[in-house]
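# A look at the structure
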Amino acid sequence: MLQKSKLSTLIILPLLALMLSATSCSVKPSNVDGNGNENLSQYDKEQIKDEEIAKFRKYIQDSLQESYAVTVKKNLNTDVDAVPYSAIDLVPAFRGCDQSLSKEEIEHCTSARIKNYVNSNFDTKGVEEFAQEGVNRVYVRFTISKEGRVKDVDARASHPKLSEEAKRVVYNLPKMQPGKHRGEVVSVLYSLPIIFEMK
C-alpha cells in the first residue's frame with residue numbers, strides 16, 4: 001500500500017511541476033495598440049493573474065480529488081462517498097451521547113468518548129520498546145460506516161508496531177449511532193491523533 005502511495009506521489013509531483021511552470025508563463029494582453037503597447041492597467045494585470053491562479057488551483061484540487069478517489073476505491077476498498085466529520089449535518093454518536101443534543105454537543109461528546117476509549121485501551125507498555133523517548137504521535141484515519149461500525153482504519157507512526165496497536169484499538173471501538181447528511185444515513189470520515197509520552 002505504501003509503495004502504491006509513493007507511486008501516486010511520483011506521478012502527481014511531476015504533473016504539478018509541469019502545471020506550475022505552464023501557469024507561470026506571462027499572460028498576453030488582449031488590449032494592444034497598433035504599436036504593440038499594452039493598454040492594460042496594473043489592476044487588470046493583477047486581476048488576470050488572480051483568475052489564472054484560481055483556475056489552476058481548482059484544476060489541481062479537482063485532479064487530486066479524482067486521483068485520491070480512484071486510488072482509495074481501487075487499493076483501500078474505502079467508501080469514497082463518505083462525508084468528512086467536520087462537514088456532516090448530524091455527526092455519529094458514541095454510546096451514551098444523546099442525539100437530541102445540538103450538533104456541537106454531540107460532536108464534543110463523541111470526540112471525548114472516542115479519545116477516552118482509545119487512551120484507556122492503547123497498550124503503551126506493549127509498544128514501549130518501539131516508541132521514542134518523549135512524545136509519540138500516531139495519526140489515525142478511519143470511516144464510521146452507515147451501520148455505525150469502524151472500518152478502513154489507516155494509521156501512521158514512527159514505527160509499524162505503534163500503527164498496529166492504534167489500528168487494533170480503533171477497530172475495537174464500540175458500534176455508534178451512524179451520522180446523517182441531507183437526511184440520509186452516510187459513512188463518515190474521522191481523523192484522530194493518538195499522543196502519548198514515554199520517559
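All figures in this text were calculated on a predicted structure; none of them were measured in a lab.

### Here's the deal with the packing of aromatic side chains
- If you walk through the whole model with that rule in mind, you get 3 aromatic pairs.
- Relative to Tyr190, the ring of Tyr85 lies with its centre 4.8 Å away and its plane at 80 degrees, an arrangement referred to as edge-to-face. Within this pair, whereas Tyr85 is found in the loop between strand 1 (83-84) and helix 3 (103-121), its partner Tyr190 is found in strand 6 (residues 188-198), the two being separated by 105 residues in sequence.
- Judged by centre distance (5.2 Å) and plane angle (35 degrees), the rings of Phe142 and Tyr190 are tilted. In this pair, Phe142 sits in strand 2 (residues 134-144) while Tyr190 sits in strand 6, placing the two residues 48 residues apart along the sequence.
- The exposure class assigned to Phe142 is buried, which follows from its relative accessible area of 2%.

### Quick word on the sheet that holds strand 1
- Strand order in this open sheet of 4 strands is 1-6-2-3, and the pairing throughout is mixed. In this open sheet, the two edge strands, each paired with only one partner strand, are strand 1 and strand 3 (150-156).

### Focus: the side chain of Asn136
- Tracing the backbone shows Asn136 in strand 2.
- Look at Asn136 and you get buried, because its relative accessible area is 2%.
- A polar side-chain atom of Asn136 sits 2.7 Å from the main-chain carbonyl oxygen of Gln132.
- Apart from the residues within four sequence positions on either side, Asn136 is in contact with Ala131, Ser158, Leu162, Ile194, Ile195, Phe196 and Met198.

### Notes on the nonpolar core
- Grouped together as the largest cluster of nonpolar side chains are 34 residues, with contacts concentrated most on Val140, Phe142 and Val170.
- Those elements that provide at least two residues to this core are helix 3, strand 2, strand 3, helix 4 (160-171) and strand 6.
- Counting residues per element, this core draws most heavily on strand 6, which supplies 6 residues.
- Ignoring anything within four residues of it in the chain, the contact list for Val140 reads Val153, Asp154, Ala155, Ala166, Val170, Tyr190, Ser191, Leu192 and Ile194.

Quick notes on the rules
- Residues numbered from 1 in each chain as written.
- Predicted model: local features only at pLDDT ≥ 70, side-chain atom pairs only at ≥ 80, totals over all residues.
- Heavy atoms only, no water.
- Phe/Tyr/Trp six-rings, centres within 6.5 Å; stacked < 30°, edge-to-face > 60°.
- Helix = DSSP H or I, 4+ residues; strand = E, 2+ residues; numbered from the N terminus.
- Buried < 20%, exposed > 50% of the residue type's maximum accessible area, 1.4 Å probe, protein only.
- Pairing = 2+ DSSP bridges.
- Polar contact = N/O pair within 3.5 Å; in protein donor to acceptor, adjacent residues only side chain to side chain.
- Contact = heavy atoms within 4.5 Å.
- Core = buried A, V, L, I, M, F, W, Y, C linked by side-chain atoms within 4.5 Å.

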